[in-house]
Every structure is written in C-alpha cells, then in structure tokens.
Amino acid sequence: ICQGFAVDNVEAVEGEDEYSSQTVTGCNGTLITNLFFSDGTATRMEDYGTLASAEYKLEGQPWQEFVPNSPFRIPDEGYFMVRTNIVSDIEADEGEAFKLTVRSNSNQIVTGMVTLVDPDAGMIEQAVDWSDMGEIVASLDLDDLSPKQALEVLYSLQAIENDNRN
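Residues numbered from 1 in each chain as written. Predicted model: local features only at pLDDT ≥ 70, side-chain atom pairs only at ≥ 80, totals over all residues. Heavy atoms only, no water.

Another point: the sheet that holds strand β7 (residues 72-73). The strand order β2-β10-β9-β4-β7 describes an open sheet built from 5 strands, whose pairing is mixed. Of all strands in the sheet, those with a lone pairing partner are β2 (10-13) and β7, marking the two edges. Across 7 bridges, strand β4 (residues 31-39) lies against strand β9 (residues 97-104) in antiparallel orientation. Opposite asparagine 34, over in β9, you have arginine 103 as the bridge partner. (Pairing = 2+ DSSP bridges. Helix = DSSP H or I, 4+ residues; strand = E, 2+ residues; numbered from the N terminus.)

This is the structure:
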C-alpha cells in the first residue's frame, strides 16, 4: 500500500545550473493541489524564481507552469519533477536556501529544500591583501568563468587600480 509522498532536498550551483530540479515521489493518482517556492535565506526574484513561480514535468511531457486551482495527479510512474530558475548574480549566495512546498487534496503537505552552492563565493574577498590578487587571478581558468565570476574579478581589479592611484 502506497502512503503519502515526499520531496527531495537538492543543491543548485549558481552560475552553472539554470534551474533547481526536485523530484516529488508518491502514490500514483494522488491529486496535487498546490506547489510553491518560498524564501528561506535565499530571496525570490533575487536568488531564484524570476521566470515562473514553479514549473512541473510529468513523464514524457514538457515542463509547464503550475497554475493554482489547476490540480494534477501523480502519474503511474510515481513521481514528477518541479523546478524554478536560479539567478546568477555577483552576490555571494553560498549556503542560502529556499523551500518547495507541495500539497495534496487530502491536505498532506511535504517540503524540500534547495540550497544554493556558489563555488567561488568570496574567493576574491578572501585574499589576505592585494598582493594575493595576482596569484588568485592567475589560478583562474578565464574560459570557464561564469558571468558572475568574471564580474567579481573585474571589480576586484578595478579596486586594485583605484587603490594604487590613492
């Protein structure tokens, strides 16, 4: 006998992952009446969720935006996917998180967390002094930098230039 449903916890890498993607597992036929993302330490429209509130995908179908008051059933496969977009910015978001909440028609509620991973968060700020900057910049593979990382390097180099002028 199948009982209930669950949402997994995931990590999303800022600058690499365009979307967070979580799996919701449960009894086929369970009617899903609501799903939404909410802020934890990450903020909607700044860190995630600028394109759509939540999108879901059933096996063999395209992604579609969840519309409140338009419930759907967990398919025979026993799972569906939920996603939202991740914002790549110049702010360090390491460890910030937000939550996916899913509700069924029997009012069962489950949640799963999305934790943002920012692999180069604060790398430039961690320099002990400006003399460390050359070593840090030289260690970067400039072809593999995300736009956020490239801006961080540029801003740091501008700060060095301004510092040298003073």
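Further remarks concern the sheet that holds strand β8 (residues 79-85). If you trace the 5 strands from one edge of the open sheet to the other, you get β1-β3-β8-β5-β6, paired in antiparallel fashion. Two strands lie at the open edges of the sheet, namely β1 (5-7) and β6 (64-65), each paired on one side alone. The sheet contact formed by strand β5 (residues 55-57) and β8 spans 3 bridges and is antiparallel. The partner of lysine 57 across the bridge, within β8, is methionine 81.

This part covers the side chain of serine 104. Tracing the sequence through the fold places serine 104 in strand β9. Polar contacts involving the side chain of serine 104 include one to the side chain of serine 106, which spans 3.0 Å. Excluding residues that lie within four positions of it along the chain, serine 104 makes contacts with Phe5, Thr30, Leu31, Ile32 and Thr33. (Polar contact = N/O pair within 3.5 Å; in protein donor to acceptor, adjacent residues only side chain to side chain. Contact = heavy atoms within 4.5 Å.)

The next thing to look at is the environment of alanine 52. You can see alanine 52 is positioned in the loop between β4 and β5. The exposure class assigned to alanine 52 is buried, which follows from its relative accessible area of 11%. In the structure, alanine 52 is positioned 12 residues away from glutamine 64 in sequence and 9.5 Å away in space, judged by C-alpha atoms. Setting aside anything within four residues of it in sequence, one finds alanine 52 in contact with Arg44, Glu65, Thr84 and Asn85. (Buried < 20%, exposed > 50% of the residue type's maximum accessible area, 1.4 Å probe, protein only.)

The next subject is the pairing of β8. Across the 7 residues that make up β8, a large majority, 5, are buried. Bridge count for strand β3 (residues 19-26) against β8 is 7 bridges, and the pairing is antiparallel. Each bridged residue has a counterpart across the sheet, and for serine 21 the counterpart in β8 is arginine 83.

Summed over the entire model, instances satisfying the criterion amount to 1 salt bridge. Between arginine 83 and glutamate 55 there is a salt bridge whose closest N-O contact spans 2.6 Å. Residue arginine 83 is found in strand β8, and its partner glutamate 55 is found in strand β5; the two are separated by 28 residues along the sequence. Neither residue differs from the other here; arginine 83 and glutamate 55 are each classed as buried. (Salt bridge = Lys/Arg side-chain N within 4 Å of Asp/Glu carboxyl O.)

Moving on: the side chain of asparagine 85. Looking at the element boundaries, asparagine 85 is found in strand β8. At 3.1 Å, the side chain of asparagine 85 and the backbone nitrogen of leucine 51 are in polar contact. For asparagine 85, the contacting residues outside a window of four places in its chain are Glu18, Tyr19, Tyr48, Gly49, Thr50, Leu51 and Ala52.

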